[in-house]
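Architecture at a glance
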Amino acid sequence: MTASTFLIELRKVSKRFGSVEAVRELSLAVPRGSLFALLGASGCGKTTVLRLVAGLEKPDSGEVKLNGRTVAAPGVWVPPEARRVGMVFQDYALFPHLTVAANIAFPLNGVSSTDRRVRVAELMALVGLDGLGDRYPHQLSGGQQQRVALARALAPRPEIVLLDEPFSNLDAGLRQSMRAEVRDILRRAGATTIFVTHDQEEALSLADIVAVMNAGAIEQVGAPAELFALPATRFVAEFLGGSFFLPAVVTARGVETEIGCAAQGTAWPPGMEVDMLVRPDDLTLRVEPGGAARIESGVFRGDVYIYQVRLASGRMVRCFGPHFERYAPGTAVTVELTPGHPLACFPRQKTESPSS
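For the structure given in this document, a descriptive report is provided here. (Residues numbered from 1 in each chain as written. Predicted model: local features only at pLDDT ≥ 70, side-chain atom pairs only at ≥ 80, totals over all residues. Heavy atoms only, no water.)

**What to know about the overall build of the protein**
From N to C terminus, the protein includes eight helices and 21 strands. Principal-axis analysis of the C-alpha atoms gives the protein an extent of 80 × 50 × 35 Å. Looking at the 356 residues of the protein, the share that counts as buried comes to 47%. Taking the contacts inside the protein whose residues are at least 6 apart along the sequence as the reference set, 65% of them involve residues at least 24 apart. Carbon and sulfur atoms provide 54% of the accessible area of the protein, an area that totals close to 16200 Å². With 37 positive and 37 negative side-chain charges, the protein shows a separation of 4 Å between the mean positions of the two kinds. (Helix = DSSP H or I, 4+ residues; strand = E, 2+ residues; numbered from the N terminus. Buried < 20%, exposed > 50% of the residue type's maximum accessible area, 1.4 Å probe, protein only. Contact = heavy atoms within 4.5 Å. Areas by Shrake-Rupley, 256 points an atom, 1.4 Å probe, with all protein chains shown as cover. Lys, Arg positive; Asp, Glu negative; His and termini not counted. Charge placed at Lys NZ, Arg CZ, Asp CG, Glu CD.)

Here it is as structure tokens:
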């Protein structure tokens, strides 16, 4: 991609709060028109990055560029209101004394009353709130409040929309449906979007591009499927997808483990000892009276059982089993690597214990 393709660019940006380095030497480029997720645990710095883009925080060093224009750098500062950025806060920050229509219209300063009414009507239709303009925030559901906050952020036609943990206040069922709705609304609005979340399912299902953050820095940026299948660092591997590791050795035909051989998604030389990244769906579980592995416990998740299985070596692994049949603790089983896709490998950590 050329530089002009990127609407948002951060170059070696750092930000401290007292003794805490919230963001350190962070560089980031967000393509125009994309839905970009900053994913990480609480305290990793992702919300600070959002606030640096919005202009709610000033970087201690580095440069922030929006649409090719430097908005923050040594000797340069463009205030938030001049950045064409809309922001949806985690708690939505709606004005309780204003109606839905008035909340949406709030950012439209200097716009004629006629144009303001037209724009509010457009946005209420876009977010599916037709007929609710006279209601107040306390008369709305959580999902409706979120749509009002999104409509308000979109009202002045920003180039960039920023969302801070946009679904954290919703119950699990509503969260699922709102993800698809919000994605559709942002697509139709044509806005370039950054949203921050600690929820990997949310990031992987909603974003075009995901950046995984750790301790104020970015560990890896890529398409969701790429990050999940081939994480570049051990941190990303452990953070995504309920992963665990099996000790293995690289050979000419693949990567050998105690439960079979797989192709490696990385390129370590033959003879090297590695830890292979494995997730429950990478394994095939079969009940066999002579099996060398034993089921230790199982948890019903609705669509599947998740079993803790002790291999012959004593190492514990997690496997999926069918939802319609429960295997009791002590059941003899075999566990094999499911063929068909390469698995990421990392240099062996000698201190890892068999029961991890």
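**Considerations on the pattern of salt bridges**
One pass over the structure, following the stated rule, counts 23 salt bridges. Between Asp208 and Arg187 there is a salt bridge, and its shortest N-O distance comes to 2.5 Å. Of this pair, Asp208 sits in the loop between helix H6 (200-206) and strand S10 (209-214) while Arg187 sits in helix H5 (residues 172-189), placing them 21 residues apart in sequence. Overall, Asp208 belongs to the partly exposed group, its relative accessible area being 26%. Measuring nitrogen to oxygen at the nearest pair gives 3.1 Å for the salt bridge that ties Glu336 to Arg286. Taken as a pair, Glu336 in strand S20 (residues 332-337) and Arg286 in strand S16 (residues 283-287) lie far apart in primary sequence, 50 residues in all. Here the salt bridges share partners, and the residues they tie into one network are Arg234, Glu238, Glu273, Asp275 and Arg348. (Salt bridge = Lys/Arg side-chain N within 4 Å of Asp/Glu carboxyl O.)

**Examining the environment of Val161**
By the element assignment, Val161 lies in strand S8 (residues 160-164). A relative accessible area of 0% means that Val161 is categorised as buried. For the pair formed by Val161 and Lys65, sequence separation is 96 residues and the distance between their alpha carbons is 15 Å. Those residues in contact with Val161, other than ones at most four positions away along the chain, are Gly86, Leu150, Leu154, Leu186, Ala191, Thr192, Thr193 and Ile194.

**As for the sheet that holds strand S5 (residues 69-73)**
The strands that make up a sheet pair up through hydrogen bonds in the backbone, lying either parallel or antiparallel. Read across the open sheet, the five strands follow the order S2-S1-S4-S5-S6; overall the sheet is antiparallel. What marks the edges here is a single partner per strand, and that holds for strand S2 (20-31) and strand S6 (76-77). Strand direction decides the pairing type here: strand S4 (residues 61-66) and S5, joined by three bridges, are antiparallel. Within S5, the position partnered with Lys65 by the bridge is Thr70. Contacting strand S1 (6-17), S2 and S4, helix H1 (residues 46-54) crosses the sheet at an angle of about 120° to S1. (Pairing = 2+ DSSP bridges. Axes fitted to C-alpha atoms, helices over the stretch in contact; angles between N-to-C directions.)

**A word on unusual backbone geometry**
Of note, Glu25 is a non-glycine position whose phi angle comes to about 50°, a positive value. Topologically, Glu25 is positioned in strand S2. Even without glycine at this site, Ala93 takes up a positive phi of about 55°. Structurally, the position occupied by Ala93 is in the loop between strand S7 (85-88) and helix H2 (100-105).

These values are about where atoms sit, not about what they do.
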